[in-house]
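Coordinates in review
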Amino acid sequence: MPPCKDDPMALLFIDGFDHYDPQQLDDFGQPWLARGKAAYLSPQATRIPGRRPSSYALRLPEGSGGGYVKNLDAGTPSLIVGAALRVAPFENTGGEPVLLGVRDTTAGVAHLVKIGEDGRLKLYRWQSGYDQLLSTSVTTAPARGWHYIELKVVQGTGSGTLDVRVNGMLAIQLSGQDTLQGGGQLLTAFVGAVPGEPCPVTVDVDDLYLADTSGTLNTTFLGDVRVDALQPQADGALNQWTVEGASSAWAAVSDGDEASGIRADAAGLRQSFDIAPLPAMATPAIHGVQVTLLARKTDAGPGQVRGLAVSGSQTAVSADLVLQEQLAWHTALFEADPNAGSAWSEAALNAAEFGVEAG
C-alpha cells in the first residue's frame, strides 16, 4: 500500500550541502543564502570540500554572522538532530563553542551541546538567557577532526530524556528530566550557534539530519550517516510539464538557475525523472529519499507543488509545498518505498523515478 500524504514520519529533513553554494548570486545580485533550506544561515557561510571526494560541506565562520538554523513546519514533542561537525582549534578563553541544539516554539527553552577546552562534550539547558550545565561527557571529540554528533530530546515534565552521541557512541544519557520547563513543543534545530548569537568559533558541518520519534522507521538515532545528492540524468515516464529553454526536462532542471526550467499551468500535471544511481557502497541502509526542488510561482495567488516518487506500480506524493515569488528550495521526504511500504532497498531506489506534481 503506498504511503499517503499524512503518514507520520520520523525523518524530517536532510542536507548534505552538495547542491548549492550559499555565496552564489541570483539574477538580482543577491546571495542565494540557501533560500528555503534554512530559516537562517550566516551571511559569511561558505561551501568547502566535504567529508568525501567530490562532496561539499558548509563552513560557519567565527564571528557575528551566527550559524545554521532550521525550523520545522510544526512543533514536536521529540526531536533528534545529527551532523558531522569539525571545530577549528580555539583558545581557552572561557567561551565554549556551540556544536548543535534544539529550541522550543516559544524560543524560551533550548538544549545545546558545546565542546569544552579538553574536547569533552557538555550538555546545557538554555533558559531566559542563562546556560545551566546538565552533564559533561567522558568521551572526547578533539578539534581539527570530523565527528558525528547527535542530540535527542524527548519532552516531559519529569519524564523527559536527553541523549548525546558522538561517533555512534552514547556520551551523555539523562532520564527523569523536566525538559519542557513550561515551554512549548520543539520547533528549531541549529548548528554552530544559538539563533541570534555569534558563532564563537569556525564550525564545519556536513550530512545533517533531523528526525523525531513518530512513525515506524528511523525512530531513534541514525548514527554516522551520509547524504548523497543524486541529480536527474534522463526524463522519466511522466512528462506533462512544459520544457522551456532546453531540449529535455531533465536538462532544464539540472543547471540550478532560471536560464531553463519546466512549467505547469494546471493542477495534477506530473513530471518524473530518472535519477543517478546511488554511489557504490558495501551494504547501504537507506533511511529516506528527499526530493529537493528549486521552484517559484509566476503569478499572484496561491501556488503549490508536491514532491513525487514513482516506484514499481505505486506512486506517492508529498503534502503541498507552498511556493514563493522568488526561487527557493523546497523539500519533500519519502521515508518508505511506496511500492514496498517499507524502507528503500538499493535496487528499488535506483529503479524509481522522482519528480514533481503541480498542486
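All values derive from a computational prediction rather than experimental measurement.

Attention shifts here to the side chain of Arg165. Mapped onto the elements, Arg165 comes out in strand S12 (residues 160-166). For Arg165, the residues in contact, after removing those within four places along its chain, are Tyr148, Ile149, Glu150, Leu170, Ala171, Phe221 and Gly223.

Two side chains that carry opposite charge are able to pair once their charged atoms sit near each other. Taken as a whole and assessed by the stated rule, the structure comprises 16 salt bridges. Asp224 is the salt-bridge partner of Arg51, the closest N and O atoms lying 3.1 Å from each other. Placement of Arg51 in the loop between strand S3 (46-49) and strand S4 (56-60) and of Asp224 in the loop between strand S15 (203-211) and strand S16 (232-239) is noted, with a sequence separation of 173 residues between them. Accessibility expressed as a relative area gives 26% for Arg51, which makes it partly exposed. Its salt-bridge partner being Arg120, residue Asp118 comes within 3.0 Å of it at the nearest N-O pair. Judged by relative accessible area, Asp118 falls into the partly exposed class, the value being 42%. Residue classification places Arg120 among the partly exposed positions, given a relative accessible area of 31%. Taken together, the shared-partner salt bridges connect Arg51, Arg52, Asp207 and Asp224 into one network.

With that settled, the discussion passes to the pairing of S4. In this structure, S3 lies alongside S4, joined through four bridges in antiparallel fashion. Residue pairing across strands places Thr46 opposite Arg59, the latter belonging to S4. Connecting S3 to the antiparallel partner S4 that follows it, the hairpin turn spans six residues, and Ser54 within it adopts a positive phi of roughly 65 degrees. Here three bridges tie S4 to S15, and the two strands are oriented antiparallel to one another. Within S15, the residue paired with Leu60 across the bridge is Val203.

Conventions adopted
- Residues numbered from 1 in each chain as written.
- Predicted model: local features only at pLDDT ≥ 70, side-chain atom pairs only at ≥ 80, totals over all residues.
- Heavy atoms only, no water.
- Helix = DSSP H or I, 4+ residues; strand = E, 2+ residues; numbered from the N terminus.
- Contact = heavy atoms within 4.5 Å.
- Salt bridge = Lys/Arg side-chain N within 4 Å of Asp/Glu carboxyl O.
- Buried < 20%, exposed > 50% of the residue type's maximum accessible area, 1.4 Å probe, protein only.
- Pairing = 2+ DSSP bridges.

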